[in-house]
Amino acid sequence: MLKKLCQCVGLASLILVVNYGDLLGGGADVRMHTPLPVARICYAQIADILIVALVLLVLFILVVRTRFYPWLRLVFAIVIPPYLIQRTQSFFPFDLIEGLVTILAVAWAGVLLLLLLRFGKWYRRLMRVGSAVAASLVIFAIASIGQLLWVARWKPAPNQIAAAWATTPQAPRQHPLLVWIIFDELSYDQVFEHRARDLQMPNFDILRSQSTVFTNTQPAGYHTVKIIPSLLTGKIVDGIRYNFHNRLWVHHESRSGWQPIDGAQTVFGDAEKAGWRTAAVGWYNPYCSLYGDAIQNCFWTNHDMFDGLMTQRARLATNIYTPLKQVVREMKSPARADRDLCTFDVRQRYQTETDLQLHALQLLHTDQADFVFLHFAIPHSPNIWSRIHDDYTQYCDSSYLDNLALTDRVLGQVLDTLKASPRWNSTTLIVEGDHSWRIDAWNWLPAWTQEDDAASRGVFDTRPALLVHQAGQTQSQSIGSAWPLIQIHGVVEQVLGGQSATF
């Protein structure tokens, strides 16, 4: 019985590992991108492992002394290996050829049946080996549960810093204003060069007519988590480490070794030294804890779902039940399960983005900050806007073009707020993507639509959009030469130093 218990717990942990794999090894990537504790997630994962193990064990107890047991054992031996390959393939360092799991499953079943019918001795030996391997998986289960318990102890840093000048009545601010906006995954190609005929982006067109537009911007990286500290410090970051105490260590492309990073090493610190009031509203990266020593007013958030359809704000019972329900869905209808997963993701991103917009516009309305950094979660997938309904969607039914329409709408709200300020003529506005539309990251997911396919033309255009409106600028300019995005750091430094930006 102890051996069967070990087998059941080990198999359960491996069946469910896709739900909690990101929390293993300390869960640094998860911890870095969530403003809330993950204890409910961790405890729910442990409960799910034990529940699935209990179900398997009860099934064994019910049939072990019946004539059906040898056949049930055979069915398990046939089904479990290919099922585990299918479930865990996202952890493989390579992509499986489509249909390969099915071929392996058929071949494996054939081998087992052949051994059973013609080579009974070898069949029994193979089953004993399989039984021992299954029992040894309990080591993985114990290690996983231990790590989940350890990660559950983690406490996030505050995701908000409130400055007195942002929360109390103030006299009108007499100071130049610099607003730096990052729209995540904003493609120059899709916004300007090959914009879809039925996509209207009037606010980007207005801004373009009064700004310097870079038509050949060279990206500073592929992943947001590395690009943002690169742009803020002016040094390309090619590696990151996020420790259990909410500190970020980075590895620079041009230097050896790892260095801790804080706000004093970024443009926020330089702005403070120059007497500018600093503020940030951002997505995904924990701006308030990483750079809070130099950001006077700060808010960041990210409500994106965890693997397994769990959220930090859901009840423990919900986080236990929902992933198990999803496993059953995947068995019955994988396509439907993928769509449900995507829809859940859309609804979580909707909460994230509307929260960011609310705080960003509130900050701009106060008109008290001098250097404002805004990082929005659009037009990054999942897509949360519908051009057909001219409203947010709660379902997985929109495209990147829909999110571009939302991005233009948000830009319009920002522009209206800035132009209503007496400081507009002394305002420098930078609007950019951190990277371009990474079609290779999305075209295999259920959120990918036919409209996405047509718009992308099967080409990953690496150029992020970049526009710089200098204070008082009324004419459009264009820079067509290759321009590394990392140089935007120098542009920001020039503005903070009271100079006109040169490109």
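Here's what I pulled together on the structure shown here. (Residues numbered from 1 in each chain as written. Predicted model: local features only at pLDDT ≥ 70, side-chain atom pairs only at ≥ 80, totals over all residues. Heavy atoms only, no water.)

Thoughts on the pairing of strand β10 (residues 371-376)
A large share of β10 lies buried, amounting to six of its six residues. Where strand β2 (residues 177-183) and β10 come together, six bridges link them in parallel fashion. What sits directly across from W180, in β10, is F373. Where strand β8 (residues 278-283) lies against β10, four bridges are found, and the strand directions are parallel. Opposite V281, over in β10, you have L374 as the bridge partner. (Buried < 20%, exposed > 50% of the residue type's maximum accessible area, 1.4 Å probe, protein only. Helix = DSSP H or I, 4+ residues; strand = E, 2+ residues; numbered from the N terminus. Pairing = 2+ DSSP bridges.)

Overview of a nonpolar patch on the surface
Taken together, Y43, L149 and L316 make up a surface patch of nonpolar side chains, about 270 Å² in accessible area. Inspection of the secondary structure puts Y43 in helix α4 (residues 39-63). Residue class for Y43 comes out partly exposed when judged on its relative accessible area of 42%. (Patch = residues over 30% accessible without salt bridge, like charges linked within 9 Å, V, L, I, M, F, W, Y side chains within 5 Å. Areas by Shrake-Rupley, 256 points an atom, 1.4 Å probe, with all protein chains shown as cover. Salt bridge = Lys/Arg side-chain N within 4 Å of Asp/Glu carboxyl O.)

Structural notes on the environment of G10
Tracing the backbone shows G10 in helix α1 (residues 2-15). Measuring from C-alpha to C-alpha, the distance between G10 and P176 comes to 61 Å, with 166 residues separating the pair along the chain.

Re the packing of α4 against helix α14 (residues 316-332)
Two numbers describe a pair of packed helices, the interaxial angle and the distance between the axes. Running from N to C, α4 and α14 cross one another at 50°; their axes reach a closest spacing of 9 Å. Classified by the angle between their axes, α4 and α14 sit oblique to one another. Pair α4 / α14 crosses with right-handed handedness. Of the residues in α14, those touching α4 at R40, I41, Y43, A44, A47, D48, I51 and V52 are L316, N319, I320, P323 and L324. Split into classes, the residues belonging to the contact of α4 with α14 amount to 10 nonpolar, one polar and two charged. (Axes fitted to C-alpha atoms, helices over the stretch in contact; angles between N-to-C directions. Parallel < 35°, antiparallel > 145°, perpendicular 65-115°, else oblique. Left-handed = near helix turned anticlockwise from the far one by under 90°. Contact = heavy atoms within 4.5 Å. Nonpolar A, V, L, I, M, F, W, Y, C, P; charged D, E, K, R; others polar.)

Quick word on the pattern of salt bridges
Counting across every chain of the model gives 17 salt bridges. One salt bridge in this structure joins D189 and R457, with 3.3 Å as the shortest N-O distance. Here R457 lies in the loop between α18 (450-456) and β14 (466-469) and D189 lies in helix α9 (residues 188-193), a separation of 268 residues in the sequence. Judged by its relative accessible area of 3%, D189 is buried.

So, the pairing of β8
Counting buried positions along β8 gives six out of six residues, so the element sits mostly inside the fold. Neither face of β8 is left uncovered, since the one carrying T278, A280 and G282 and the one carrying A279, V281 and W283 both have all their residues buried.

Thoughts on the sheet that holds strand β5 (residues 237-242)
An order of β5-β6-β7 is seen for the three strands of this open sheet, with the pairing classed as antiparallel. Strands at the two margins of the open sheet, each flanked by one partner only, are β5 and β7 (259-261). Adjacent strand axes in the sheet meet at a mean angle of 40°, parallel and antiparallel pairs treated alike. In the sheet, strand β6 (residues 248-252) pairs with β7 via three bridges, with the strands oriented antiparallel.

Re the state of the cysteines
One pass over the full model with this rule turns up two disulfides. The disulfide that involves C342 links it to C396, with 1.9 Å between the sulfurs. Of note, the bridge from C342 to C396 carries an S-S torsion of about 70° and is right-handed in sense. Here C396 lies in the loop between β12 (391-392) and α16 (400-419) and C342 lies in helix α15 (residues 334-366), a separation of 54 residues in the sequence. Residue C342 is classed as buried on the basis of its relative accessible area, which comes to 7%. Once the disulfide-bonded cysteines of the chain are ranked by sequence position, their pairing pattern turns out to be 1-2, 3-4. (Disulfide = S-S within 2.5 Å.)

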